[in-house]
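Residue-level listing of the chains:
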Amino acid sequence: MAATSKRGAFGSRLGFILAAAGSAIGLGNIWRFPYTAGQHGGAAFILVYLICVVVICLPVLFAELAIGRASQMSPVGAFARLAPRSPWPLVGALGVITGFAILAFYAVVAGWTLGYLGRALVGRFAGAMTHDQSVAAFDAISGAPVVSIALTALFLTLTALVVRSGVQGGIEMASKILMPVFFVLLVGLAVRSMTLPGASEGLRFLFHVDLSKITLSVVVGALGQAFFSLSLGMGAMITYGSYLSHDERLPGAAFSVAAADTAIALLAGLIIFPALFAAGGDPSGGPGLVFVVLPSIFHQLPLGGVFAAAFYALLAIAALTSTISLLEVVVSYFVDEKGWSRERTTWLVTFACFLLAVPSALWGSFLDWQSVIFGNYALTIGALLICLFVGWKWGVGSALAEIARGGAPLPLGRVWGLIVRFLAPLAIIVILAGVVGLIPGVEF
Ligand code: PHE
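Asks: Hey, could you run me through the overall build of the protein chain in this one?
Replies: Assigned secondary structure in the protein chain consists of 19 helices and 0 strands. Referenced to the eigenvectors of the C-alpha coordinate spread, the extents of the protein chain come out at roughly 60 × 50 × 40 Å. For the protein chain, the proportion of its 444 residues judged to be buried stands at 59%. Here the protein chain carries 22 positive and 17 negative side-chain charges, and the mean point of each set is 9 Å from the other.

Here you go:
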């Protein structure tokens with residue numbers, strides 16, 4: 001396809017799966033999932049999360065990939081091509097803004113992983129550390145303005161270096177080898193954590209569901225987290241779908257991405273909570289949770305310092321394959337729509353993003369706020385609009401035909417149509433209406 005090759009495309013189906021999984025798997029799984037689950041009571045949150053993934057997010061993932069592949073364009077252009085002379089491209093624009101804003105806080109947390117990597121390399125995780133020492137170590141990185149800002153800048157620069165060189169050279173290669181290694185390491189850490197004395201309490205926290213704990217705030221948190229974790233609602237998957245050629249089979253690829261992402265989030269829970277309870281920590285500790293808990297696992301491992309270094313290096317790479325997709329959405333907008341050069345756009349956008357990242361690097365509360373507004377609500381609203389677009393404007397039939405073009409039609413296509421047209425939009429609207437207080441009697 002001429003259009004495809006001019007814009008760059010994935011070299012293989014496996015390359016696409018790994019890149020999309022690379023976008024999905026990142027700090028959302030290892031950092032954000034455990035602390036939001038911890039703040040929302042554990043098992044109840046996880047149950048709602050899993051339901052959201054299957055019933056709402058997976059259908060939205062198919063919708064985004066279909067839009068991308070049918071249009072072969074990045075989000076704004078994609079909507080313009082499928083619905084010419086309509087306001088729908090604004091949904092793409094919302095995605096570009098959301099991606100930019102998410103990158104601005106995500107890069108700060110990613111910078112912390114580099115800080116931890118640096119410490120691991122100089123052997124700081126080899127010896128025993130009390131809980132208080134671990135908290136102090138976290139504060140020394142996240143609470144030191146110069147360190148935090150410098151690490152953010154470093155991480156954004158790494159992201160820009162990959163995005164600048166385009167889809168295949170950069171994105172595909174980074175995902176291919178390193179993600180499987182990361183998975184193996186995570187399984188090892190989960191096993192160690194679950195066999196610590198006192199770990200069973202953590203497992204109880206993860207799996208013993210108390211239905212009375214399911215409040216509206218748990219549902220909003222879980223739904224938003226599910227969109228965040230699967231990179232949905234802002235066009236990252238539209239963009240990656242656009243680099244996929246028409247004759248690839250979509251459904252299996254999308255299933256694998258969602259399954260891998262969910263498995264890794266659950267694994268992160270299995271690493272964090274048993275160790276947390278074994279050490280007597282508080283699950284609602286917020287964004288520092290993972291950074292504070294992990295050192296206590298490393299020092300209980302033989303060669304803990306080596307594991308620590310490997311872990312933070314791989315976590316940084318997992319974060320990198322996610323920041324790449326965030327930056328790629330913004331950059332490809334200017335490249336595709338405005339005709340700017342990739343190189344110049346990449347550096348310009350990266351610098352602007354750095355400026356927006358500074359307040360998050362300085363104040364944890366600003367980071368939290370950005371994570372809720374953009375990482376949760378903006379994605380949820382974006383996903384709602386994407387469902388409405390596919391269900392009521394572009395058409396379920398057209399989307400199903402696009403998916404089937406690769407030779408593998410979507411299983412349960414009719415059910416999918418009903419979800420995209422009715423169930424998902426209604427569920428999201430009811431949840432958001434509850435939050436803004438339009439439904440009387442629903443308590444946040
Ligand atoms: N899904 C990524 C993660 O879990 C974050 C992300 C969100 C990436 C939205 C792209 C778009 O780390």
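Asks: When you look at the packing of aromatic side chains in this model, what are you seeing that I'm missing?
Replies: For any two aromatic rings, the description comes down to two numbers: the centre-to-centre distance and the angle of the planes. Scanning all chains against the criterion turns up 25 aromatic pairs. Centre to centre, the rings of F105 and F228 are 6.4 Å apart; their planes meet at 20°, and the pair counts as stacked. Within this pair, whereas F105 is found in helix α6 (residues 89-121), its partner F228 is found in helix α11 (residues 216-229), the two being separated by 123 residues in sequence. Given the relative accessible area of 0%, F105 is considered buried. Seen from their ring centres, F366 and W369 are 5.5 Å apart, and the 40° between their planes marks the pair as tilted. Placement of both F366 and W369 in helix α17 (residues 364-394) is noted, with a separation of 3 residues, approximately one turn of the helix. Residue classification places F366 among the partly exposed positions, given a relative accessible area of 25%.

Asks: Can you walk me through a nonpolar patch on the surface in this structure?
Replies: Taken together, L47, I51, V209, L211 and I214 make up a surface patch of nonpolar side chains, about 400 Å² in accessible area. Tracing the backbone through its elements, the reader meets I51 in helix α4 (residues 43-71). Judged by its relative accessible area of 47%, I51 is partly exposed.

Asks: Just to check I follow, could you spell out unusual backbone geometry for this structure?
Replies: Excluding glycine, a negative phi dihedral is what most residues carry, and trans is how most peptide bonds are arranged. A positive phi angle, close to 50°, is found at R85, a residue other than glycine. One can find R85 in the loop between α5 (75-82) and α6. A positive phi is found at L412, a non-glycine position, where the angle reads about 55°. Along the chain, L412 falls in the loop between α18 (396-404) and α19 (413-435). Owing to a relative accessible area of 66%, L412 belongs among the exposed residues under this scheme.

Asks: Any chance you could explain the site of the ligand here in plain terms?
Replies: Taken together, 14 residues lie around the ligand, and A24, G28, Y106, F228 and S231 are the ones closest in. At 2.8 Å, a backbone N or O of G28 approaches an oxygen atom of the ligand. Separating a nitrogen atom of the ligand from a backbone N or O atom of S229 is a distance of 3.1 Å. When the ligand sits alone it has 320 Å² of accessible area, and the protein chains cover 100% of it. When atom positions are compared with the pocket grids, the ligand is found to occupy the largest cavity. Counting only elements with at least two residues in the shell around the ligand, the list comes to α2 (13-24), α3 (27-39), α11 and α15 (304-338). Class assignment for the residues of the shell around the ligand results in 6 nonpolar, 8 polar and no charged.

Asks: Whenever I open this one, the environment of G42 confuses me. Can you help?
Replies: Mapped onto the elements, G42 comes out in the loop between α3 and α4. With 337 residues separating them in the primary sequence, G42 and L379 have C-alpha atoms 22 Å apart. Apart from residues no more than four positions distant in its own chain, G42 is found in contact with A37 and F205.

Asks: Help me understand the layout of surface pockets in this model?
Replies: One water molecule sets the probe size; rolling that probe over the atoms shows where empty space is left. Estimates place the volume of the largest pocket at around 250 Å³. As for the largest pocket, its lining consists of 14 residues, and the residues nearest its centre are T36, Q39, H40, V372 and N376. Taken together, the elements giving at least two residues each to the lining of the largest pocket come down to α3, α11 and α17. The element that contributes the greatest number of residues to the lining of the largest pocket is α17, accounting for 5 residues. Its boundaries defined by the atoms lining it, the second largest pocket holds a volume of some 200 Å³. Surrounding the second largest pocket, V54, V55, L58, P59, F62, F255, L410, P411, L412, V415, W416 and I419 form its lining.

Asks: Explain the side chain of R32 here, please?
Replies: Mapped onto the elements, R32 comes out in helix α3. Summary of buried charges: R32 has no salt-bridge partner, and the nearest side chain of opposite charge, D368, is 8.3 Å away. Look past the residues within four positions of R32 in its chain and what remains in contact with it is L27, Q225, F228, S371, G375 and N376.

Rules behind the numbers
- Residues numbered from 1 in each chain as written.
- Predicted model: local features only at pLDDT ≥ 70, side-chain atom pairs only at ≥ 80, totals over all residues.
- Heavy atoms only, no water.
- Helix = DSSP H or I, 4+ residues; strand = E, 2+ residues; numbered from the N terminus.
- Buried < 20%, exposed > 50% of the residue type's maximum accessible area, 1.4 Å probe, protein only.
- Lys, Arg positive; Asp, Glu negative; His and termini not counted.
- Charge placed at Lys NZ, Arg CZ, Asp CG, Glu CD.
- Phe/Tyr/Trp six-rings, centres within 6.5 Å; stacked < 30°, edge-to-face > 60°.
- Patch = residues over 30% accessible without salt bridge, like charges linked within 9 Å, V, L, I, M, F, W, Y side chains within 5 Å.
- Areas by Shrake-Rupley, 256 points an atom, 1.4 Å probe, with all protein chains shown as cover.
- Salt bridge = Lys/Arg side-chain N within 4 Å of Asp/Glu carboxyl O.
- Near = heavy atom within 4 Å.
- Polar contact = N/O pair within 3.5 Å; in protein donor to acceptor, adjacent residues only side chain to side chain.
- 1 Å grid on protein atoms, 1.4 Å probe; cavity = no way out; pocket = protein on both sides within 12 Å on 5 of 7 lines; lining within 4 Å.
- Sits in = over half its atoms within 2 Å of the grid points.
- Nonpolar A, V, L, I, M, F, W, Y, C, P; charged D, E, K, R; others polar.
- Contact = heavy atoms within 4.5 Å.
- Points joined across faces, edges and corners; volume = space filled by probe spheres on them.

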